[in-house]
Amino acid sequence: MSQTTNADYREVNFDGLVGPTHNYSGLAHGNVASMSHGGLVSNPREAALQGLAKMKALLDAGYAQGVLPPQQRPDLGALRSLGFTGSNREVLARAASEAPQVLRAVCSASSMWTANAGTVTPSRDAPDGRVHFTPANLQSSFHRYLEPETTGRVLGSIFRNEAHFAHHSVLPATPAFSDEGAANHTRLCGEHGDTGVHLFVYGRQAFGGDPAHEPKRFPARQTLEASQAVARQHGLAAAQTVFAQQHPEAIDAGVFHNDVIAVGNGPVLLYHEMAFLDEQATLDELRAKMATPLVPVRVPSEAVSLDDAVASYLFNSQLLSNPDGSMTLVVPGECQEREAVWRTIQDLLLAGHNPINEVIVKDVKQSMRNGGGPACLRLRVVLSAKERAALTGRVLLTDALHGELAAWVERHYRDRLAPDDLADPQLADETLTALDELTRLLEIGSVYPFQLG
């Protein structure tokens, strides 16, 4: 039997396909971009094609790329559980009349940001040698709280082989165990096939926390207790984990997840000086636990203010490893629009003493207007060659699959969607038709409520 080597491991970025109901309802409290663009007319077709274009560009550049399907929206089952009765048309009409914000919530396409789908531990770090998954409960907002059940089915369908993959239950959906998934989790290591140290970042401590160290304007969405519970589920030991508190001033500035203020890859941690409440202690513990020397890349406030960091989503970029040991940073186009940010990319990052030597700019404006950049759109899963071969369905992107998905979007997506359009029963029918076709195209089986009866 051949032995698995470090070279067999690759990081696969599983991007979320943007759903047909992509709209700007301004649902995410604490997400400045989402709140400021609420009520605008969206273009679901353009949004989905922008996401696919980013995936294809990274595939063409030699990176492993996967896709995850969107959720079933509108979530008519959720409306019925809230007392809306009758036909689909009647349920939608009554919700639009009596509870328009609830209707907008059950139509959200927020599952496109698969960084929130869950937390993943590679087999190299797990005591049983399997890849571990825990879907995030996303209990901090109603529109995202609707996602975990379907997310669990999707992950369970794709990563089905029990010899290679282990799935855990969602944490209790209570404020004490508020969990936002990989948006608050970073794995640091030498190469992807090395054992790693897991950095979990939380905004507050539910039991015994100090209110003086919590944000005052916006909610802290991740708790220490949730991060600790996920680490226990995955069998991670104390020597493999670091738990760091996010700076409350950053949260109040609109940094609702850690991946809006820091991004890690391999041994590199690119972060803003206001990312962590105790910056030095966080770095010291990482250095003490990592087998490979940590490469911190610190961006001071003098170079990029918190406001510019949030507006540009500099830190919500993808940081990707290249075969020669260098790294590529995939940034949203908004980084070019902020002089201080673009100057920092050129002077501090590209000209600095770190592995980052290339920057790729991608247009994901439809996503950015709802507060999600390149890093929000992907769930990182480190897989060995055997684990990649054990995946179910057609979820690893190829040129052929990209072409089929783009054609699928062109057939089924609208190019204009205002919040008032969400009550259109035809939109619900269009979405079900599209998703039914998508599951056949991806060969993942029945994962949606309407398919399961």
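Check the entry above for the structure.
Residues numbered from 1 in each chain as written. Predicted model: local features only at pLDDT ≥ 70, side-chain atom pairs only at ≥ 80, totals over all residues. Heavy atoms only, no water.

Undergrad: Hey, could you go over the side chain of Q245 for me, with residue numbers and the actual values?
TA: The topology assignment puts Q245 in strand β8 (residues 241–245). At 3.4 Å, the side chain of Q245 forms a polar contact with the backbone oxygen of G203. What Q245 contacts, discounting residues up to four positions off in sequence, is V201, Y202, G203, H213, A275, F276 and L277. (Helix = DSSP H or I, 4+ residues; strand = E, 2+ residues; numbered from the N terminus. Polar contact = N/O pair within 3.5 Å; in protein donor to acceptor, adjacent residues only side chain to side chain. Contact = heavy atoms within 4.5 Å.)

Undergrad: Tell me about the sheet that holds strand β2 (residues 64–68), and please be specific about residues and values.
TA: Strand order in the open sheet formed by three strands is β2-β1-β15, with mixed pairing between adjacent strands. With partners counted over all chains shown, the strands left at the sheet margins are β2 and β15 (378–383), one partner each. Direction aside, the axes of adjacent strands within the sheet are offset by 30° on average. The sheet contact formed by strand β1 (residues 10–16) and β15 spans six bridges and is antiparallel. Residue pairing for β15: R10 is matched across the bridge by L383. (Pairing = 2+ DSSP bridges. Axes fitted to C-alpha atoms, helices over the stretch in contact; angles between N-to-C directions.)

Undergrad: A description of the packing of aromatic side chains should follow, citing residues and the corresponding values.
TA: The way to describe two aromatic rings as a pair is by their centre distance and the angle between their planes. Under the counting rule described, the total for this entry stands at nine aromatic pairs. Aromatic pair F133 and F165: ring centres 6.4 Å apart, planes at 65°, arrangement edge-to-face. Highlighted residues: F133 in strand β4 (residues 131–135) and F165 in strand β5 (residues 165–167), separated in sequence by 32 residues. Given a relative accessible area of 1%, F133 falls into the buried group. Owing to a relative accessible area of 2%, F165 belongs among the buried residues under this scheme. An aromatic cluster of at least three residues, connected via ring pairs, comprises F14, F133, F159 and F165. (Phe/Tyr/Trp six-rings, centres within 6.5 Å; stacked < 30°, edge-to-face > 60°. Buried < 20%, exposed > 50% of the residue type's maximum accessible area, 1.4 Å probe, protein only.)

Undergrad: I'd like a description of the nonpolar core, backed by residues and values.
TA: Among the nonpolar cores identified, the biggest contains 46 residues, and F14, F159, V381, L383 and L405 are the most heavily contacted of them. For this core, the elements supplying multiple residues, two or more each, are β1, α2 (44–60), β2, β4, α7 (148–158), β15, α16 (399–412) and α17 (425–442). With 43 residues, the next largest nonpolar core counts V242, V263, F276 and L294 among its residues. (Core = buried A, V, L, I, M, F, W, Y, C linked by side-chain atoms within 4.5 Å.)

Undergrad: Now, about a nonpolar patch on the surface: what can you tell me, with residues and values included?
TA: The grouping of L82, F142 and Y145 at the surface amounts to a nonpolar patch, some 290 Å² of accessible area in total. With respect to the secondary-structure elements, L82 resides in the loop between α3 (76–81) and α4 (88–98). We classify L82 as partly exposed; its relative accessible area is 47%. (Patch = residues over 30% accessible without salt bridge, like charges linked within 9 Å, V, L, I, M, F, W, Y side chains within 5 Å. Areas by Shrake-Rupley, 256 points an atom, 1.4 Å probe, with all protein chains shown as cover. Salt bridge = Lys/Arg side-chain N within 4 Å of Asp/Glu carboxyl O.)

Undergrad: How would you explain the packing of α2 against α16 if you had to name every residue and give the values?
TA: Packing of α2 against α16 leaves a shortest axis separation of 10 Å and a crossing angle of 175°. When the axis of α2 is compared with that of α16, the two are roughly antiparallel. Residues R45, A48, L49, L52, A53, K56, L59 and D60 of α2 touch α16, and the partners they reach there are D399, H402, L405, A406, V409 and E410. By residue class, the composition of the contact of α2 with α16 is eight nonpolar, one polar and five charged. (Parallel < 35°, antiparallel > 145°, perpendicular 65-115°, else oblique. Nonpolar A, V, L, I, M, F, W, Y, C, P; charged D, E, K, R; others polar.)

Undergrad: Quick rundown of α2? Include the residues and the values.
TA: An ideal rise of 1.5 Å per residue puts 24 Å on 17 residues; α2 measures up with 24 Å between its terminal C-alpha atoms. Three or more residues of α2 are buried, namely P44, A47, A48, Q50, G51, L52, K54, M55, K56 and L58. A positive phi of about 100° marks G62, the residue just after α2. (Expected span 1.5 Å × (residues − 1).)

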